[in-house]
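Observations on the three-dimensional arrangement
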Amino acid sequence: MARGCLQGVKYLMFAFNLLFWLGGCGILGVGIWLAATQGNFATLSSSFPSLSAANLLIVTGTFVMAIGFVGCIGAIKENRCLLLTIDRYAQRDLKRGLHLYGTPGNVGLTNAWSIIQTDFRCCGVSNYTDWFEVYNATRVPDSCCLEFSESCGLHAPGTWWKAPCYETVKMWLQENLLAVGVFGLCTALVQILGLTFAMTMYCQVVKADTYRA
């Protein structure tokens, strides 16, 4: 059962990265087409001729293709070293983000952590002690409490959730991978279609301006 689940995760990761790579191919193709058909009319700045919509799309498409290709290789080869590196980087980045919790201008991050810790019944990235470095004290946000109350984060550790949020959320994503994958693929497809439509409209406007001139 576990092996079958891992195989499913592997194939879904490959499919997602393949679509990502194909999206990069599409962006690159639009960039090349724009460069071939519009020429200098697609230049965004007269001071920087190379800063054109075509070149930006070519660079973006190449970058997206490279990321998708690496992802496909990682999924096929099951490169544990690559996956472990990404895993450690993600945890390190999340722990750095904890220091922005409750600070001015970071309402979105603060609300996100509060919702995650409340809904998933977890505390911190690795464990509740992650918050000790943030507060420089033995305390956690009130969203970590088993029973929410004002300033309950100052109480004893026995009143806090013990589960690590990173592993808890990752396990939830693995269990709901199909739904998350479908949503991600649909979002990527909508973005690609939106970009294609926007570039088509841009080209039509450029052509209209050229004819008027």
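Residues numbered from 1 in each chain as written. Predicted model: local features only at pLDDT ≥ 70, side-chain atom pairs only at ≥ 80, totals over all residues. Heavy atoms only, no water.

Describing the side chain of Q91
Within the secondary structure, Q91 sits in helix α3 (residues 80-98). In this view, Q91 contacts V125, S126, Y166 and E167; residues no more than four positions away in its chain are not counted. (Helix = DSSP H or I, 4+ residues; strand = E, 2+ residues; numbered from the N terminus. Contact = heavy atoms within 4.5 Å.)

Brief notes about unusual backbone geometry
Positive phi, close to 55 degrees, is recorded for R121, a residue that is not glycine. When you line up the elements, R121 lands in the loop between α4 (107-119) and α5 (130-135). Look at R121 and you get exposed, because its relative accessible area is 54%. (Buried < 20%, exposed > 50% of the residue type's maximum accessible area, 1.4 Å probe, protein only.)

Side note on the environment of N111
Turning to its location among the elements, N111 is positioned in helix α4. Take N111: its relative accessible area is 41%, and that puts it in the partly exposed class. Separated by 10 residues in the primary sequence, N111 and Y101 have C-alpha atoms spaced 8.7 Å apart.

Here we look at the packing of aromatic side chains
Applying the stated criterion to the full structure yields 7 aromatic pairs. Here Y101 and W131 contribute two aromatic rings whose centre-to-centre distance is 5.0 Å and whose plane-to-plane angle is 70 degrees, an arrangement assigned as edge-to-face. Here Y101, found in the loop between α3 and α4, pairs with W131, found in helix α5; they are 30 residues apart in sequence, far enough to count as distant. According to the relative accessible area criterion, W131 is buried, its value standing at 0%. For the pair F120 and W172, a centre-to-centre distance of 6.0 Å together with 85 degrees between the ring planes defines the contact as edge-to-face. Of this pair, F120 sits in the loop between α4 and α5 while W172 sits in helix α6 (residues 165-175), and the two are 52 residues apart along the sequence. Relative accessible area serves as the criterion here: at 39%, W172 is assigned to the partly exposed category. In textbook terms, an aromatic cluster arises when at least three aromatic residues are bridged by ring pairs, as seen for Y101, W113, W131 and Y135. Taking NZ or CZ as reference, R139 lies 4.4 Å from the ring centre of Y135, over its face. (Phe/Tyr/Trp six-rings, centres within 6.5 Å; stacked < 30°, edge-to-face > 60°. Lys NZ or Arg CZ within 6 Å of the ring centre and 35° of its normal.)

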